[in-house]
Each structure stands twice: as structure tokens, then as C-alpha cells.
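Fold and contact review
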Amino acid sequence: MLLSTLLQSYVTMDYARAVVLGVASVVVVTALVSGPLVPGVSLTQERDVAYGTGNVTVAEVQFPDRVTIERASFGQDGYYLTVPPATVRFSTLSGSPTMVYRLAIDELGYTRSTVHFLSESVGERYEATIQSDSFDENELTNETYHGTVGVVVEDSRSRRVVAERAVTVEVVG
Amino acid sequence: MSADTVQNRRFHADVRSSAWVTLRSVLFGDRIGLCLFLASLCLFALFWRTTVFITDTYTLANGLYSLSNGNVFLTEAVYGPGLNTPGAEEYGGSVIARNYGVLVLSLPFLWGLEALDAVADLRIALVALWSLVLLALIVQVGRLTERREVTAGGAVAVLCLFVSNVAIARPMDPAPHLHALQLFHMAVAAFAPVLLYRLVARLHTVRTGSLAAVLFVFGTPLAFWAAIPKRHVVTATVVLGVAYALYRSRTAADGVLVSRPLAFRSLSYALVGLYAWVHAPEALLFGVVLAVIDVPTAADNRPRTLVVLATAFALSLVPLIVTNTLVTGSPLRPPRLIAAAGESGARTVGSIATSGGSGRGGAVLSPPVVGLLEAGATPLVVLFRELLVGARALVTDPIDVSRTFVRSGTFTTSLNQSDGEAVNLSLLESAPLLAGVAAVVPVLQTWSRPKSLTGRTLSAARVTDVYVTLTAVCVALLYTSRLPIHAQVTVRYLFPLFPLGVYLLVRLPTVRRVLDAHWRAFCWTLAAGILLGGQLVVVAVAVGVNGIGAAFQLHALLSLSTALALSAWALTGRTERWSGRIGAVLLGLATSSAALFSILAAVEYYALGDTHALPMVRALGELLRLV
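The rules we used
- Residues numbered from 1 in each chain as written.
- Chains lettered and ligands numbered in written order.
- Predicted model: local features only at pLDDT ≥ 70, side-chain atom pairs only at ≥ 80, totals over all residues.
- Helix = DSSP H or I, 4+ residues; strand = E, 2+ residues; numbered from the N terminus.
- Buried ≥ 20, exposed ≤ 12 C-beta atoms within 10 Å, placed from the backbone.
- Contact = placed C-beta atoms within 7 Å.
- Rg over C-alpha atoms; globule rule 2.2 N^0.38 Å.
- Nonpolar A, V, L, I, M, F, W, Y, C, P; charged D, E, K, R; others polar.
- Core = buried A, V, L, I, M, F, W, Y, C linked by C-beta atoms within 7 Å.
- Domains from an automatic or database assignment.
- Pairing = 2+ DSSP bridges.
- Axes fitted to C-alpha atoms, helices over the stretch in contact; angles between N-to-C directions.
- pLDDT = per-residue confidence, 0-100.
- Parallel < 35°, antiparallel > 145°, perpendicular 65-115°, else oblique.
- Left-handed = near helix turned anticlockwise from the far one by under 90°.
- Expected span 1.5 Å × (residues − 1).

**Considerations on the overall build of chain B**
Looking only at helices and strands, one finds 25 helices and two strands in chain B. For chain B, the proportion of its 627 residues judged to be buried stands at 51%. Counting contacts in chain B only where the partners sit at least 6 residues apart, residues at least 24 apart contribute 76% of the total.

**Things to note about the overall build of chain A**
Counting secondary structure elements, chain A contains two helices and 10 strands. Helices (α) and strands (β) of chain A occur, in sequence order from the N terminus, as α-α-β-β-β-β-β-β-β-β-β-β. For chain A, the C-alpha radius of gyration of 28 Å lies well beyond 16 Å, the compact-globule estimate for 173 residues. Principal axes of the C-alpha set define a box for chain A whose edges measure 95 × 50 × 25 Å. Buried positions account for 24% of the 173 residues belonging to chain A. Across chain A, every contact between residues at least 6 apart in sequence was considered, and the portion connecting residues at least 24 apart equals 69%.

**A closer look at the interface of chain A and chain B**
Taken together, the contact pairs 36 residues of chain A with 43 residues of chain B. Looking at the side of chain A that touches chain B element by element, the count peaks at 13 residues for helix 2 (residues 15-34) of chain A. The residue inventory of the side of chain A that touches chain B, partitioned by class, reads 18 nonpolar, 13 polar and five charged.

**Focus on the environment of A:Arg159**
Inspection of the secondary structure puts A:Arg159 in strand 10 (residues 159-172). What A:Arg159 contacts, discounting residues up to four positions off in sequence, is A:Val152 and A:Glu154.

**Some points on the nonpolar core**
B:Phe44, B:Met186, B:Leu196 and B:Ala243 are the most contacted members of the largest nonpolar core, which totals 235 residues. In terms of residue count, the dominant contributor to this core is helix 7 (residues 176-203) of chain B (20 residues). No fewer than three residues from each of domain 1 (2-34) and domain 2 (53-172) of chain A sit in this core. If we skip the residues at most four places from it in the chain, B:Phe44 touches B:Met186, B:Ala189, B:Ala190, B:Ala223, B:Ala226 and B:Ala227.

**Quick notes on the pairing of strand 5 (residues 98-105) of chain A**
In regular strands, side chains alternate between the two faces of the sheet. All names here are of chain A. In terms of strand pairing, strand 5 meets strand 6 (residues 110-117) through eight bridges, oriented antiparallel. Residue Ile-105 lies in a different strand from strand 6, and its bridge partner there is Tyr-110. Two successive antiparallel strands, strand 5 and strand 6, enclose a turn made up of four residues, where Gly-109 displays a positive phi of approximately 65 degrees. In terms of strand pairing, strand 5 meets strand 9 (residues 144-154) through eight bridges, oriented antiparallel. The residue bridging Arg-102 from the neighbouring strand is Gly-150, located in strand 9.

**Quick word on the sheet that holds strand 5 of chain A**
Residue and element names in this part refer to chain A. The strand order across the open sheet built from seven strands is 6-5-9-10-2-3-8, with neighbouring strands paired in mixed fashion. If you trace the sheet from one side to the other, it starts and ends with strand 6 and strand 8 (133-135), each paired once. The average angle at which neighbouring strand axes cross in this sheet is 25 degrees, direction not considered. By the bridge criterion, three bridges tie strand 3 (residues 79-82) to strand 8 in an arrangement that is antiparallel. The residue of strand 8 that forms the bridge with Leu-81 is Asp-133.

**Considering unusual backbone geometry**
Residue and element names in this part refer to chain B. Backbone geometry at Glu-146 places phi at a positive 55 degrees, although glycine is not the residue there. Summarising the element assignment, Glu-146 is placed in the loop between helix 5 (122-145) and helix 6 (148-167). Of the residues examined, Glu-146 has 8 C-beta atoms within 10 Å and is grouped as exposed. Although it is not a glycine, Val-491 sits at a positive phi angle of roughly 35 degrees. When you line up the elements, Val-491 lands in the loop between helix 19 (460-480) and helix 20 (497-507).

**Examining the sheet that holds strand 7 (residues 125-128) of chain A**
All names here are of chain A. Taken in spatial order, the three strands line up as 1-4-7 in an open sheet, and their pairing is antiparallel. Whereas interior strands pair on both sides, the edge strands pair on one side only; in this sheet they are strand 1 (53-62) and strand 7. Each strand of the sheet is rotated relative to its neighbour by a mean of 40 degrees, with strand direction disregarded. For strand 4 (residues 86-96) and strand 7, the ladder comprises four bridges, and the chain directions are antiparallel.

**Examining the confidence of the model for chain B**
Low pLDDT marks stretches whose predicted atomic positions should not be read closely. Residues and elements named next belong to chain B. Per-residue confidence for chain B gives a mean pLDDT of 84; residues scoring 70 or more make up 87%. Confidence drops under a pLDDT of 50 for residues 1-6, and excluding neighbours within four residues, the segment shows four contacts in the predicted structure. Contacts for the low-pLDDT stretch residues 337-367, under 50 throughout, to residues beyond four places or in other chains number 24 contacts. In the predicted assembly, ipTM is 0.78 and pTM is 0.85.

**A word on the pairing of strand 4 of chain A**
Relative to strand 4 of chain A, strand 1 of chain A runs antiparallel, the two sharing nine bridges. Each bridged residue has a counterpart across the sheet, and for A:Asn55 the counterpart in strand 4 of chain A is A:Ser94.

**Some thoughts on the packing of helix 5 of chain B against helix 6 of chain B**
All names here are of chain B. The interhelical angle for the contact between helix 5 and helix 6, taken along N-to-C directions, is 170 degrees, at an axis separation of 8 Å. The angle between helix 5 and helix 6 places the two elements in the roughly antiparallel class. Here the hand of the crossing between helix 5 and helix 6 comes out right-handed. Contacts between helix 5 and helix 6 involve Ile-124, Val-127, Ser-131, Leu-134, Leu-135, Ile-138, Val-139, Val-141, Gly-142 and Thr-145 from the first element and Arg-148, Val-150, Thr-151, Gly-154, Ala-155, Val-158, Leu-161, Phe-162, Asn-165 and Val-166 from the second. Along the lines of polarity and charge, the residues of the contact of helix 5 with helix 6 split into 13 nonpolar, six polar and one charged.

**Points about the environment of A:Glu120**
Residues and elements named next belong to chain A. With respect to the helices, strands and loops of the structure, Glu-120 is situated in the loop between strand 6 and strand 7. For Glu-120, a count of 10 C-beta atoms within 10 Å translates into the label exposed. Separated by 46 residues in sequence, Glu-120 and Phe-74 have C-alpha atoms that sit 40 Å apart. If sequence neighbours within four positions are ignored, Glu-120 has contacts with Leu-93 and Ser-94.

**Focus on the packing of helix 7 of chain B against helix 8 (residues 206-219) of chain B**
Residues and elements named next belong to chain B. Contact geometry of helix 7 with helix 8 gives a least axis separation of 7 Å together with a crossing angle of 150 degrees. The angle between the axes of helix 7 and helix 8 places the two elements in the roughly antiparallel class. Along this stretch, helix 7 crosses helix 8, giving a crossing that reads as right-handed. On the side of helix 7, the interface is formed by Pro-193, Leu-196, Tyr-197, Arg-198, Val-200 and Ala-201, while helix 8 contributes Val-206, Thr-208, Gly-209, Ser-210, Ala-212, Ala-213, Phe-216 and Val-217. Across the contact of helix 7 with helix 8, the residue classes tally to 10 nonpolar, three polar and one charged.

**Observations regarding helix 2 (residues 31-46) of chain B**
Each full turn of the α-helix corresponds to 3.6 residues, which orients residues three or four apart in the same direction. Taking 1.5 Å of rise per residue, the 16 residues of helix 2 of chain B would be expected to cover 22 Å, and the 23 Å separating its terminal C-alpha atoms lies within 8% of that figure. When you tally the buried positions in helix 2 of chain B, you get 13 out of 16 residues, the bulk of the element.

**Things to note about helix 23 (residues 548-572) of chain B**
Residues and elements named next belong to chain B. For helix 23, spanning 25 residues, the distance from its first C-alpha to its last is 37 Å, which sits close to the expected 36 Å at 1.5 Å a residue. By the criterion of burial, helix 23 is predominantly enclosed, with 18 of the 25 residues buried. Positive phi shows up at Gly-573, right after helix 23, with a value of about 70 degrees.

**Looking at the environment of B:Thr75**
All names here are of chain B. For Thr-75, the position within the fold is in the loop between helix 3 (56-68) and strand 1 (89-91). Measuring from C-alpha to C-alpha, the distance between Thr-75 and Arg-198 comes to 43 Å, with 123 residues separating the pair along the chain. Not counting chain neighbours up to four residues away, the residues in contact with Thr-75 comprise Ser-66 and Asn-69.

Spelled out as C-alpha cells, the structure:
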């Protein structure tokens, strides 16, 4: 009698309820499996920590012709530095080396660089960027400045400058 | 025998379900309230970044660390550069934290996290928790709509989201005290839309109540601040709780467990008392406004009633008094006084009061009574002076005031101190839908002054309106003279103005009529504004903006333009046919503009090192590289 009641309740249990219970149990069991109760299972991918190691050879770097310092828009005062990306071609790339794309404007005593963390998934061609930066109006006296852009890589062998070039920095607006 | 067993099981199930229904109606009102709570929690978790956003959070996290080890003073800088982070204060040779109420109430969350950490990988556990809350929401929505397809389809969608999140999950940096604080704030913040819904649903309809909650969640920066351990979302929940309790204290007994008007009246005072444990100066303001409005308008002020209220208030102050005694050795001195300006004011006022007291009342009153009166009166005088200073700033500094309320732009006091970016929006730029309050003008034009004010008792709704309006005005005055300052993003000091403003907005007949008649147009505009408008904004930021300040100001101008259009419509006060539909669309646009800012700020502008709690949100942030 009891058994038949139980069976009946299973048969009539509506399918939506079954789906909900199923999903809930998958979620809970997955969480438990990820924990110390089940040793040896890890569901989170550890990020590569040993940056600046491996091996990288740069075949070619294409720098932008022109770097601009443009007046900011929408009610933000001052100027923003915009450095177009540099295109870097690798002939070899393994491990997790780092690459720095940098700009120096000697007249302003200014340098800015952005670090890029490379890995094999990057491919042969990479667009390196420099994060924008803001300038005060009174910092800028000239209409153009002489700047230098460069790319530095670091791998297991060494840290070295692979390309460098002079650019004109134009103040616009 | 077997029949009996079955009957017993059914009986237990009934008891269980009725206990659940009681709990649900006490906490959330009804099933829609519960849905709003769960939906808000899920949304806030999307915005959750598991790191420090404002440096004084270090103080709170270290405070919770010390407290969890049984120490009210800060013992060790587990978080941040040291113990002297903003918000920490030295007292008698020891360093104390702030917002002790928040710290104590976060302890259960800390224990919960530690328990989770013991049985599961914390990142996976949080993803699982989020999925389960979403699943609960789906089940409740399924019950509301009475459709199995909704439940089953939703559950499958949850499973997909869970699997995708786990697939790209990374380990979490351990910071249990910080995460406990963030979870506590999210939980408290999720009650704010529920309370607004319950209040408006009782005043009007369930639909208006639900729409008010939608306006609040999407149209103000609530979601942005929910997971940030600052007091602001707690303040919002408290003022809404007080408004709700005040309203219920003037309507007939109703509901389960807590039903009597006097119980609700006591609750309103108790909430204020409890909030003093978090931030005493603001609680003082709320308490004064509450007493000024409640006592003269109450139908029953018999001594017995007042004793009940005083007892409830006194009991709610016990945690504060215990904390003060532990920290400063004096039950009355709060660990943090109103501000540097207030403190100096207090000293002068105190000395004047002493000379006055010895001159006249000293002979009648015994010295301890004079001391007690002084201790009670001094903060009141300070508060009153602060409000006056704020009112004077309206006249003397109209430009600063307009920068706080209308248009921010670039100016030195609001710039981010480190890099000169204009990243602090004004009130209207943060919540453009508040411009709809302009619909009060047509109401006032047709308002006729009642013949006599004597002998009239205000209705429950009017009392609540007056309380909300006065609180909003006083909060604005309290901070006007100090604003704008840096690091407030969306004028967070005036955060209570967001929920109070939304309440006042839906109380206006023009807005309510439009929401009621054209809620579909509103909802579709909101959805399109976020999903389609969001893509346009992303493109505009990617193409036309090269710094975070300019991005913020783009959002500011976008919001202001929707605010301008909305206020123009609201001033006409017209709701018939096309004007009504236009009003609904404008409300939807203003709401989505604020939502877009919150979303992009949390996902992109302040990604804080891509520390989003949910892996899918982190991946979206990494995919978008805008500024």
C-alpha cells in the first residue's frame, strides 16, 4: 500500500519539478566535487603565473606613423594621449613571455608603457596597444613633440629592446 | 496503518508550507515580493567584483577580521596597506573601525563562507549559489505564471549558465571577510526594492508596486552600489523600511505575525535605532524627521502608547550602546562623530549650553540631569546647524549645488584625485528618471488649499508622503555644503534620494496613470534601451572616447538628454492617448540610460582587475576593451 502510494507520487510528479530537482542536484554535486571532499579534482583553471619565461623571437614590428594628444570630449577637460597599436610578428613563440610597448616624450619628461602577457594562443601576429592617458592643458605648450616608441620583450633568455622608432606627437584640438 | 502514515505526512507538509507562507509574507509580503528579492540578488551578483573599490573598505574588512577574533579594536592589517586606512580612527591608543552594526551583522555571512570553503572550491560554490538563487526565482515565476514550460525551460537555462560559468572559472583570491561584507550588503540591498514594492502595492496596485521596484533597480545606481561595502544601500533599505512601517502604523491591522498598527509604529523607531549602530549621524536625522512627523499626526498619543514607542526605540539602541561602551567606555559617545565641522560646532554649543544651564535651570535641576539634557541636545543642535549650513549653500554656492544635482563636468573638487578624470556624476546624471518629479508642477497648479487645517488628520498615504519628502530634503541639506567631492561616482552620499525619489515619482498621478496604462510600452522601451541602446553606447564609447572621464561624461550627457525630455513631458502633465505613450517611452529611456551606466561601470570602467565574481561577466569584461 505504502509502496504503491510512493510509486504513484513518482509517476504523477510533474516533469517540471523533476527538471528543477535534477538541475539543483547537478549544481550541488558539482560544487561538492570541486571541494576538498573529493581530492584530486580541480574545476578552476589556475592562471599562468610564471610570466616573462619561455622563448620569443620577433620577426618584424610595424609602428604607427603618428601619435596624437587630442582634446577630450563630452565635458571632460584636458587632453587624452592616443597611441595607435603596433603590429608585431613573431617567428617563434613558446611559454609565457611578456612584451612591453612603450612611448617616451623627452621634451615633456614623459614615458608610458603597457605590458602584454603573451602565450602560444596569441598566434603569429599581435596588435600591441598602449593604454590612453590624460594631460592637463597647461602641460602642453608645443603643437608637436618628438617621441620615441619601442617594443621590449622578456623571455627566459633576456630582457631586450627589439625595435625602436622616432614618432611625431601631435597636439590636436 | 499505511493510510495514517500518508495522512501524517500530509499534515507535516501542511505545517511546513504554512510556516513558509508566514515567513514569506513577513519578509517579502507575497510571492511577487519574493521574486523581486531573488531577482535583485541575482542581478547584484552580476555586478559583484570581489575586491576593494573604495579604500575605506579595508577598514571594514580589517574590522570584521578583528571582530571575528573577538576584538572590537583593529588588531592586524590583514587587508590593505596598514591599519590607518580611511575611516579608521584612533581612540585611546587603539584603532577602531566604523559601521559596527554592519560588521556584527556580517558575521553570519563570514561563517557561511567559511563553511562553504570547507566543502567546496569557493568560486564554484559561489557560482552554484548564484545558480540556485536563479533556479528558485524560476520556480517562483513558474508558480506565478502557472506554467510548467516556464519552470522546466528556465531550469534548463540555469543549467546551461552554470556549466558555462564553471567551464571558464578561475580560482578566487581568498578574502573571506571582504566577501562576507559584500554578501551582507547585497542581501540588505535586495530588500530595498521589496520594501518599495510592498509600500506602493499597498498604496496603489500590485502592478504599480512592481513597476516602482523596476524603476528603482534599473533606473538608479542601486545595482552598482549593492555589492560595495559602503553604508549607502543599507541607508536606502532603512528609509524605505521606516516609510513602510509608518504607513502600516496608520492602516487597519492586517497580515500575519506583525499586524497591529502600534507594532509597526514601534518598528519604524526601532529601525532608526538599529541604523544608529551603522551610522549614528544619519540615524539622528531620520529619527528627528520621523518623530516630527509621526507624533503630531498620530491618532493615539496616550502615555501608554508613547511608553511602548520609547521602549522599542531604547531596545533598538542596545547594540549601539553596548558597542560604544566596549569601544569608548561611554555608552553615549558614538565612535564616529558627525564630521570635523560638526565636532567643532559641538564644542562651542556645549560651552554655551553649560553657561546657560548654570544661570537659570541649575538651581532646579540636579547636575546629572543637566548633563544628560546637554548630551541629548548637543547632537540635535549640531544637526540643525548642519542643515542650516546646507540651506545657506543653496544661496551662496549655486554652482556647486548645480554640479551636485544637475550637471557634473570637469571641475577640480570632483576629479578623481589620482588621475584628473571627471568620473563623478551628478544626481540627475545618475538617475535621470528623477526628472519625472517635475510632474508635481501640474499637480500643484490644480491643488486647492483646504479650508481649515485644524481638526484634520492626515491619511496614511499623506503622512508617508510628508515623511519621504522631508527626509529627502533633509538628507540633501545635510550634505549639500560638502558636495561635490571626489570618489562619490554617483553622489553616493545622497543615495537615499534615489529610493525616496522613485517613491515620490510613482506617487504623482501623471506618472502612475502612464505606468498603469502603458506599462508594456515602458517595459519594451527599457528592454530595447538596454539591449539595443547598449550596443550603440558601446560603439560610441569605443569610437569616440579615449579615456574613462570622457566615457563617464558621455553617459552623463546621454542621461541628461533623457532627463530633459522626461521633465518636459512631466511638466505638461498630459497622459491621454499619445502623450501618455510618449511619457511611458521617456520613462523607459531614462531608466535604461541609468542602467547602461551601471552595467558598463561594473563590467568595464571599474572592472577592478577583472575580479567579477561570476566567470561569464569577467569574460565579457575581458572581451570588451573600451577605455
